[in-house]
Amino acid sequence: MAHGRCGGLPQTRVYQTRSYDARNRLQTLSFPDGNGNQSWTYTADGLPSTVTTSNSGNSVTNTYAYNKRRLLTGEAMTADALQSWSIGYTYNALAQVIS
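Presented here is an overview of the structure given in this document. None of these values were measured; they are calculated from a predicted model.

With respect to the packing of aromatic side chains
Evaluated as defined, the whole model comprises one aromatic pair. Seen from their ring centres, Trp 40 and Tyr 42 are 6.2 Å apart, and the 20 degrees between their planes marks the pair as stacked. Take Trp 40: its relative accessible area is 25%, and that puts it in the partly exposed class.

Some details on the environment of Ala 79
Checked against the element boundaries, Ala 79 lands in strand 8 (residues 72–79). Through-space distance from the C-alpha of Ala 79 to that of Gln 96 is 30 Å; in sequence the pair is 17 residues apart. In contact with Ala 79, other than residues within four places in its own chain, are Ser 59, Val 60 and Trp 85.

Considering the sheet that holds strand 6 (residues 48–55)
Sheet strands line up and pair through hydrogen bonds in the backbone, either parallel or antiparallel. The seven strands lie next to each other as 3-4-5-6-7-8-9, forming an open sheet whose pairing is antiparallel. In this open sheet, the two edge strands, each paired with only one partner strand, are strand 3 (17–20) and strand 9 (83–88). Direction aside, neighbouring strands of the sheet carry axes that sit 10 degrees apart on average. By the bridge criterion, seven bridges tie strand 7 (residues 58–66) to strand 8 in an arrangement that is antiparallel. For Tyr 64, the partnering residue across the bridge sits in strand 8 and is Glu 75.

Looking at the pairing of strand 7
When strand 6 meets strand 7, the two strands line up antiparallel, connected through six bridges. Paired with Thr 50 across the bridge in strand 7 is Thr 63.

Here we look at unusual backbone geometry
Phi at Arg 70 is positive, roughly 70 degrees, even though this residue is not glycine. Position of Arg 70 among the secondary structure elements: in the loop between strand 7 and strand 8. Although it is not a glycine, Ala 95 adopts a positive phi angle of roughly 65 degrees. In this structure, Ala 95 sits in the segment after strand 9.

Parameters and conventions
Counting restarts for each chain, with residues numbered from 1 along the sequence as it is written. Owing to the predicted nature of the model, reporting of local features is limited to residues with pLDDT of at least 70; listing and counting of side-chain atom pairs is limited to 80 or more, with chain, interface and lining totals taken over all residues. Each side-chain value is derived from all of the structure's non-hydrogen atoms; neither hydrogens nor water enter the calculation. Centres within 6.5 Å are what make two rings of Phe, Tyr or Trp a pair, Trp counting through its six-membered ring; a difference in plane orientation under 30 degrees is then read as stacked, over 60 as edge-to-face, and the rest as tilted. Using a 1.4 Å probe on the protein chains alone, a residue whose accessible area is under 20% of its type maximum counts as buried, one over 50% counts as exposed, and one in between counts as partly exposed. A run of DSSP states H or I qualifies as a helix once it reaches four residues; a run of E qualifies as a strand once it reaches two. Both are numbered from the N-terminal end. The contact rule is simple, with two residues in contact once any of their heavy atoms fall within 4.5 Å. Here, strands pair whenever DSSP counts at least two bridges between them. Comment: axis = line fitted to C-alpha atoms, over the contacting stretch for helices; angle = value between 0 and 180 degrees taken between N-to-C directions.

See below:
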């Protein structure tokens, strides 16, 4: 690792490893310390379905839902399979978010 000084603070380079699926979509993102590691899954038509992020032994999974027009209609975040939060979106005929 390279270390430098900028404004009196040490700088450290962080390297990550990425892997991609057969359709060249991000599948995993990994860091040397294991914090921030992610795994991605996709819908059949290529939109993100889930993203799971791991930090210090804890994980958070973000899940995405879409309508027939493939507009995002919902997001849910589940922390360590214990707590969940969600938000929904609705659209008008012009595909503009209205709530």
